[in-house]
Every structure is written in structure tokens, then in C-alpha cells.
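Below, each chain spelled out in residue letters.
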Amino acid sequence: MSRPETDLLDSLSAELSQQLKDRVDRALLEFIRPNSASQFAQDAPELARFREAIAQGNPKDDLEFLRSFREFVPTTNYEPYRPFIAKFFATPCKEADVKNMFAPGLPYFLAMSSMTSGKSVKIFPKYLPPPHLLHHPLYLALPPSEGITLSPASLKYSQILQIDCEDGQSKQVTVCSLSIGFLRMAMNWDVEHDNERLDLWLPGQTDPYAISLVKSYRAFFVLNALFALADCRVTIIRFFFANVFVNFLQYVEDEWSLLIDCIEKGIIPDVEDLDHLRAPLEKLFKPNPLRAAELREIGPPGIHGWAVRVWPYLTKFVGITGGPATASVPKITHALGPSVPTQSPGYGSSEGGVAITYHKGDPKTDFKVVFVDVVTEFLDVYSNEPSERVLSIWELVPGGHYEPVLTTRNGLWRYRLGDVVTVKGFAPDDGLPVINYLHRREGGLVMVFGTTCTESELTSAIVSAANRWVGQIIDFTIVGDDRDAPIAYGYLVEIGGEIGNDARMATQQTFEDLMAANDAFRTAFWQGRARKPTIRLLEKGTFAEYRRQKCDKTNVSISQVKVPVVLSDLKFREWFMERVMIEL
């Protein structure tokens, strides 16, 4: 499909610039006025100068309040928040100790980061937003659809915290992934009554409620595949990370005969750890021999446009296709065929929702910054200033590379997100910037030669080379290959289907692409401080098993386990090495 034409502005008129300043000021005041009374804002050393400025001035003067914020609030990372968040995990946890911790009241849930780096999990308290915002795209875990949506949703959580309230009652707070928390918030689904909803089947969804409670990684995907394949009316496929859809297709392919037999006979397969969930699923699943015959004729995934043959009413695919998911795009495109457009659900993180899909541009990569969940400022990645100056959105320049800095409704103050985005231009209707995600700012593998290629450079190189010489990438990750000196970028890649006859050419092309993309790497190579990258191919199913183990280890949502571009976890590095088949 042709890419939509955009009419983005290269610069802002004086009128649009003033409108943006007024919008930013209103949003900032909406967030930081109530949050300035929080325990964090009152006690964190990082905000001491801000508190002092407010105390010495007129606290009711909005302009003075905003000026103090911009002048005296520094950029922050996770560390200042860590000791305050730890109080939620104290036993016993008293309401007085955690009330108004980051924002007024008590949080609705605690969101877990997806943990691609191998470091410890980050936790972010999330408070109930104003009721009208629960219908905003940033908060909708299950956006409305006119048809049937295949969108596997797991309600798996890490733990339940109990807060002893001052009135003698207790409040339960769930620690879970962001999407699970938003889903429970929107539907008012508390954990305590999960088992009372086992017969529930939301209109417009392929999966009954009971599947969302399945804990086994394999069983979760097999059952979602079963109910989705049985329904020919699917119009939308939605996976938070697009490469998890590839994982889903692998399970469909591996279990094809079993799934078709179950659809024909109306039985739930003998998958692990179903326990009390089996009975409600059996009640909801009926025999459908006609549908089984249709599917047998189509066959398992593999043919071009398979998804449209299975679901003839399919209109779009929604999922993040940038960053680590980029490698899976050719495989996804092959399965969907040319008639199904792809779009991203938006841009953000566990810290906050930054931008929504910009449909007047490329819906896969273009995002329009909004002030719903956060107010975003920026740091110029290439700035030569001795101290990093925080930029407002009206100071951005199209083509510039910036790191987002978030001040959030949930109590983060000028929090550095660690991503790098580029500005495409400004929306003509309201002047809001339209951005593209590029990569993590510190996400590359810093070699002993002191330079690093970015995540996007490393990803582009292997995707291009594999598509030409090796085959369709299922997934990949990178380690430092220190088997020889000097150290090299070591690609660990899983391929779907047959390996190309000239696969060994991929190593040379990957090397040439990195040399062309990164001046520092090129210099290091010619000086003998770096060598060509290496590529090792992994056994089929390696990344599906990695996700399963990661899910079991961290209790993060089954559908939201990310594969890092650069792998730093030493135990998983050894685990991957045991699954190497060949080296190119």
C-alpha cells in the first residue's frame, strides 16, 4: 500500500508556538501542582532547590511556579525514586507511609518495566486518572472495534501488595505489567474476583476471559490460537510487540494438526496447568467441522498471505514494529500479505505514554506527542553544551535527535526516558511535534575499543543481510564475541524456514553496513581495535523458549516479554550459546 502523504510543518508560526506554550503550561500545572505536595516532592533531595524557590516566592502564582520548575528541577533517572517505591513493599505496609507518595492518594496498581537490559525490574506506581481519560487511546488496553479482534491478553501479575488503611480496612494493589494494569483499571477487574468471571467472554474478542488467567506460556498461546482459528470473522490482529505474533505463528505451525482436530471435535487440548480453567473453556468451545475442513485446505502458516486466507475479513495489524521488533517485520508481512496494513499502537513506556499514532503519516513509525499522561521535554543528543539544557517542544528542529524527558501525571519529575527519537515536523492543525523512535540512547554494545554502534544500526545491518542471504529472521540478539581478539559484535539469530545457499555472505554484508553507518566503528576497525561481526544461527524455537523462561522468571505479562537487541544477562548468554547450530 502506498504511504500517505504528509503536510508536516518544518517550523512553527508565532501563533502556533504560543498555543503550544499555553498548552504545555496548563498540562504541567495540572500535573505538578497536586504532585508537589507528594512525599517524593517534599522529601527528595533532587527537588530541594525547587522546594526552596517555591517557599521563598508566591506559591499561588502560576507563572512563578512554572519558572521555578524549569529553573530548579533537574533531570532524574530511576535511582531517586527507588527508596520511595520500596516503601510499598514493606511488611506491614501502612497507608500513612505510602499515601500521596508520588501523586494524591494511593496507586491503583504498580507497573513493571519489561526488562530488556537484564537489570533489576523497575516499578512505577500508577494512579487512577480522571474518568474521561480512561477512554483515551493511551489508556485503552482493548480499543473498541467494529469486528472481532485477535488480541491475546494475559492478566498474569507478579504479586499482590496489601496496604493497611487507617479505617481498619485493607487495600490490595497489583504489581503487573502496564497493559494488564490498564485493562484491570478500565474494566474494574480486581484480582480477588478473578475466578468469578471465568464464564465471561467479551464481545469482539476471540479469547474468553479464562484464557487470560492461564499461567503456562505454551498453553496461553495454544489456546489463543485455538479460539482464533475457530473464528473466521477476525478483522484486527493486535499484539503489543509485533514479533510476539511471530511467536504465535510458530505455535500455530507446531500444533497445527492438534488445533484442527480440536476445532473439528470441539475439545480443549490437553495442555499443561489448566486446572479449574478447563471446565469454563470446554463450556464455551463448540465443535465446528466445517471450519476445520476450511483450515485443513488452507494449511499451516508458511504461504504468502496466510492470515488473509484464514481470516478473510482481516483489515489491519496493530503492533510495535520498531526497535527490537524490526527483524520480524518481513516474516509478519509475508504472513499478512500485501492487503493488510500495519500500524503501531503508539509510543511510550512503563514510565508514561508519550505519543499516539499519527495516521496522516506512516502509522507504523509516526507518532504525535500529546499531553495526556505526561508532559514531554527533550535533551539534544548531539548538543555540545557543557550541561544538558532541557528543551521545550517549540524549540525542537526537524531532523534533530532528542532524548525524551517526562514529567508525568503519576509523579515522575523530568525523568530521562533513555530513548532517542527524531522529529519529522509539526502537525499543521495544532503544532504538536511528530516523532519517530530510533533506538535506546545507551542501548548499543560498548566495546573495549570505546565506541558503540546504535541499536538501530546493529538491527538494520542484520535485517538487511539476513533478508538477502540467510532467510526470514524470527528474532535475534547480540553479545560481545570475545573468542578472538579484538572483540566483535556477535549476532545470535533464529531463522524461519530454509537457510539460504549463500548464507555465509551475510557476515560480510553486515560488516559493510556497519562500516558505512558508523564512523567510529570504521575508524576502530582500520586501527585494529575492532573486527568483523560474527553470525551464529540458533535452533528453531530458541526465542520462544527464551520468552517462556523470562516470563516465568519475572512474572511479566506473557504477551509483553521483549528480546533485547544487546544481551547483558550472562546466564542467558550461556543458555543461548548451548543452542547454536552453525556459524556463518
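This text goes with the structure placed above it.
Residues numbered from 1 in each chain as written. Predicted model: local features only at pLDDT ≥ 70, side-chain atom pairs only at ≥ 80, totals over all residues. Heavy atoms only, no water.

Draft legend 1. Summary view of the overall build of the chain. Along the backbone of the chain there are 19 helices and 22 strands. Here the chain has a C-alpha radius of gyration of 25 Å; the compact-globule value for 584 residues is 25 Å, and the two agree. The dimensions of the chain, computed from C-alpha atoms along their principal axes, are 75 × 70 × 50 Å. Of the roughly 24900 Å² that the chain leaves accessible, carbon and sulfur atoms contribute 51%. (Helix = DSSP H or I, 4+ residues; strand = E, 2+ residues; numbered from the N terminus. Rg over C-alpha atoms; globule rule 2.2 N^0.38 Å. Areas by Shrake-Rupley, 256 points an atom, 1.4 Å probe, with all protein chains shown as cover.)

Draft legend 2. Layout of the sheet that holds strand E22 (residues 580-583). Pairing in this open sheet of 4 strands is mixed, and the strands run E19-E20-E21-E22 from one edge to the other. Both outer strands of the open sheet, strand E19 (472-481) and E22, are each paired with one neighbouring strand and no more. Geometrically, the sheet is characterised by an average inter-axis angle of 30 degrees between neighbouring strands, direction not taken into account. Relative to E22, strand E21 (residues 534-538) is paired through 3 bridges, and the arrangement is antiparallel. Looking across to E22, one finds that Leu537 is bridged to Ile582. (Pairing = 2+ DSSP bridges. Axes fitted to C-alpha atoms, helices over the stretch in contact; angles between N-to-C directions.)

Draft legend 3. The sheet that holds strand E4 (residues 148-150), seen in detail. Strand order in the open sheet formed by 4 strands is E4-E7-E8-E9, and the pairing between neighbours is parallel. What marks the edges here is a single partner per strand, and that holds for E4 and strand E9 (342-343). Relative to E9, strand E8 (residues 316-320) is paired through 2 bridges, and the arrangement is parallel. Opposite Phe317, over in E9, you have Thr342 as the bridge partner. Strands in contact with helix H9 (residues 242-254) are E4, strand E7 (234-241) and E8; relative to E7, the strand with the most contacts, it is inclined by about 115 degrees. (Contact = heavy atoms within 4.5 Å.)

Draft legend 4. Examining helix H14 (residues 329-336) more closely. Residues of H14 that are buried: Lys331, Ile332, Ala335 and Leu336. The buried residues of H14 occupy an angular sector of 125 degrees when projected down its axis, which confines them to one face. Each element contacted by the buried residues of H14 is listed here: E7, H9, helix H13 (306-310), E8, E9 and E19. Once H14 ends, the next one or two residues include Gly337, with phi positive near 85 degrees. (Buried < 20%, exposed > 50% of the residue type's maximum accessible area, 1.4 Å probe, protein only. Arc of directions from axis to C-beta.)

Draft legend 5. Examining the packing of aromatic side chains more closely. Summed over all chains, the structure comprises 38 aromatic pairs. Where Phe50 meets Trp413, the ring centres are 5.5 Å apart and the plane angle is 55 degrees; that geometry is what we call tilted. In this pair, Phe50 is assigned in helix H3 (residues 48-56) and Trp413 in the loop between strand E15 (401-408) and strand E16 (415-416), connecting sequence segments 363 residues apart. Of the residues examined, Phe50 reaches a relative accessible area of 3% and is grouped as buried. Taken together through their ring pairs, the aromatic side chains of Phe40, Tyr78, Tyr81, Phe84, Phe102, Phe124 and Tyr415 make up a single cluster. (Phe/Tyr/Trp six-rings, centres within 6.5 Å; stacked < 30°, edge-to-face > 60°.)

In short, the description is geometric, and any link to function would need to be established separately.
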